[in-house]
Amino acid sequence: DGGITQSPKYLFRKEGQNVTLSCEQNLNHDAMYWYRQDPGQGLRLIYYSQIVNDFQKGDIAEGYSVSREKKESFPLTVTSAQKNPTAFYLCASRIAPTGTEAFFGQGTRLTVV
Amino acid sequence: AQKVTQAQTEISVVEKEDVTLDCVYETRDTTYYLFWYKQPPSGELVFLIRRNSFDEQNEISGRYSWNFQKSTSSFNFTITASQVVDSAVYFCALSGTQNSNSGYALNFGKGTSLLVTP
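Residues numbered from 1 in each chain as written. Chains lettered and ligands numbered in written order. Predicted model: local features only at pLDDT ≥ 70, side-chain atom pairs only at ≥ 80, totals over all residues. Heavy atoms only, no water.

Undergrad: Just checking my understanding: could you explain the overall build of chain B for this structure?
TA: Looking only at helices and strands, one finds zero helices and 12 strands in chain B. When the helices and strands of chain B are placed in sequence order, the string is β-β-β-β-β-β-β-β-β-β-β-β. If one aligns the C-alpha atoms of chain B with their principal axes, the spans along those axes are about 45 × 30 × 20 Å. Relative to its 118 residues, chain B shows a buried fraction of 47%. Intrachain contacts of chain B at a sequence separation of at least 6 include 57% that bridge at least 24 residues. Measuring between centres, the 9 positive side-chain charges of chain B sit 4 Å from its 12 negative side-chain charges. (Helix = DSSP H or I, 4+ residues; strand = E, 2+ residues; numbered from the N terminus. Buried < 20%, exposed > 50% of the residue type's maximum accessible area, 1.4 Å probe, protein only. Contact = heavy atoms within 4.5 Å. Lys, Arg positive; Asp, Glu negative; His and termini not counted. Charge placed at Lys NZ, Arg CZ, Asp CG, Glu CD.)

Undergrad: Would you mind showing me how to read the overall build of chain A here?
TA: Each helix and strand in chain A was counted, giving zero helices and 11 strands. For chain A, the N- to C-terminal ordering of α and β elements is β-β-β-β-β-β-β-β-β-β-β. Against the globule reference of 13 Å for 113 residues, chain A gives a C-alpha radius of gyration of 13 Å, in line with a compact fold. Each of the 113 residues in chain A was classed as buried or not, and the buried ones make up 49%. Taking as baseline every contact in chain A between residues at least 6 positions apart, the subset at least 24 positions apart corresponds to 53%. Taken as a whole, chain A presents about 5,400 Å² of accessible surface, with 47% of it coming from carbon and sulfur. Looking at chain A, you have 12 positive and 11 negative side-chain charges, and the mean spots of the two groups are 6 Å apart. (Rg over C-alpha atoms; globule rule 2.2 N^0.38 Å. Areas by Shrake-Rupley, 256 points an atom, 1.4 Å probe, with all protein chains shown as cover.)

Undergrad: Honestly, the pairing of strand 1 (residues 4–7) of chain A in this entry has me stumped. Any pointers?
TA: Walk down a regular strand and you will see the side chains alternate between the two sheet faces. Residue and element names in this part refer to chain A. Where burial is concerned, the two faces of strand 1 differ: the one with Ile-4 and Gln-6 is buried and the one with Thr-5 and Ser-7 is not. Pairing of strand 1 with strand 3 (residues 19–25) involves four bridges; the strand directions are antiparallel. Each bridged residue has a counterpart across the sheet, and for Gln-6 the counterpart in strand 3 is Cys-23. (Pairing = 2+ DSSP bridges.)

Undergrad: Can you help me understand the interface of chain B and chain A in this one?
TA: Interfaces are frequently sized by the accessible area removed from exposure as the parts join. Counting residues at the interface gives 24 residues for chain B, matched by 24 residues for chain A. A buried area of about 1,900 Å², summed over both sides, lies between chain B and chain A, and 53% of it is on carbon and sulfur atoms. Inspection of the region where chain B meets chain A yields one salt bridge. Its salt-bridge partner being Arg-50 of chain B, residue Glu-101 of chain A comes within 2.6 Å of it at the nearest N-O pair. The tally of links from chain B across to chain A stands at six residue pairs in polar contact (both at pLDDT 80 or more). Elements with a contribution of two residues or more to the side of chain B that touches chain A: strand 5 (32–39), strand 6 (46–52) and strand 10 (88–96) of chain B. Of the residues forming the side of chain B that touches chain A, the biggest block, four residues, is contributed by strand 5 of chain B. When grouped by side-chain class, the residues that make up the side of chain B that touches chain A number 10 nonpolar, 11 polar and three charged. (Buried area = accessible area lost by both parts, 1.4 Å probe. Salt bridge = Lys/Arg side-chain N within 4 Å of Asp/Glu carboxyl O. Polar contact = N/O pair within 3.5 Å; in protein donor to acceptor, adjacent residues only side chain to side chain. Nonpolar A, V, L, I, M, F, W, Y, C, P; charged D, E, K, R; others polar.)

Undergrad: Looking at this structure, how should I read the nonpolar core?
TA: Among soluble globular proteins, nonpolar side chains are generally buried collectively. All names here are of chain B. Counting 23 residues, the largest nonpolar core has Trp-36, Phe-77, Tyr-90 and Leu-114 as its most contacted members. Contributions of two or more residues to this core are made by strand 2 (10–14), strand 3 (19–21), strand 5, strand 8 (64–69), strand 9 (74–79), strand 10 and strand 12 (112–117). Here this core takes four residues from strand 10, the largest share from any one element. Leave out the neighbours within four places in its chain, and Phe-77 touches Val-19, Thr-20, Leu-21, Trp-36, Leu-48, Tyr-64, Ser-65, Trp-66 and Tyr-90. (Core = buried A, V, L, I, M, F, W, Y, C linked by side-chain atoms within 4.5 Å.)

Undergrad: Would you take a moment to explain a nonpolar patch on the surface for this structure?
TA: All names here are of chain A. Judged by side-chain polarity, Tyr-10, Phe-12 and Val-113 come together as a nonpolar surface patch covering roughly 380 Å² of accessible area. Looking at the secondary structure, you find Phe-12 in strand 2 (residues 10–13). Accessibility expressed as a relative area gives 58% for Phe-12, which makes it exposed. (Patch = residues over 30% accessible without salt bridge, like charges linked within 9 Å, V, L, I, M, F, W, Y side chains within 5 Å.)

Undergrad: What am I meant to see in the side chain of His-29 of chain A here?
TA: Within the secondary structure, His-29 of chain A is located in the loop between strand 3 and strand 4 (31–38). Here Ser-93 of chain A takes part through its side chain, which lies 2.7 Å from a polar atom of the side chain of His-29 of chain A.

Undergrad: Any chance you could explain the state of the cysteines here in plain terms?
TA: Note: disulfide means a covalent bond formed between the sulfur atoms of two cysteine side chains. All names here are of chain A. Inspection of every chain in the model, using the stated rule, returns two disulfides over all chains. Here Cys-23 connects covalently by a disulfide to Cys-91, the sulfurs 1.9 Å from one another. The sign of the S-S torsion, about -75°, decides the handedness of the disulfide formed by Cys-23 and Cys-91: left-handed. Residue Cys-23 is located in strand 3, and its partner Cys-91 is located in strand 9 (residues 87–94); the two are separated by 68 residues in the primary sequence. (Disulfide = S-S within 2.5 Å.)

In structure tokens form, the structure reads like this:
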């Protein structure tokens, strides 16, 4: 089945540690996105990539980093510089950068302990 | 800049009632796309509908219907005869065609939490 897979579903991190969230898609989509969701805040864009080997900062990129070495993969690293990393993280992809709907993974809930 | 406003934070209805979720948007693009997504308790966003700015026809899909009005920059979503399974958070989103600080990414409203009780 085609889709977007995020792993792990739940992640716990100690303060000061970096952690990487995985996002893989087998839909052959060019564009991929990372969003952060906090209660009552909706979805806020962290990073996006419209093509392999290229990515751009979104609205809240500070404390995060990404890579796009393969079309199907767009991992997100939450660094120790992110002041408030506890949140629900959603990865999405689209067949083209504009005009089409985005498909979402099941999300990763990150908790800093 | 693009902006999506969902003024209703939470709505509670009794099963079989009709309910309308409001969405108002702002954009300078002449061509843009509007979306509705459903987020059940499991967390994954489920795509419901896409509408481009040149198509103002209302759409009906089963118990769901959408009313797009460019004159008021609104894209409202109505659920007829609501059911308990409709309980979820619903998001309205906007995507433009002019490259901006966010590329062409979907810009989301803050969502409306709908609770349907038996």
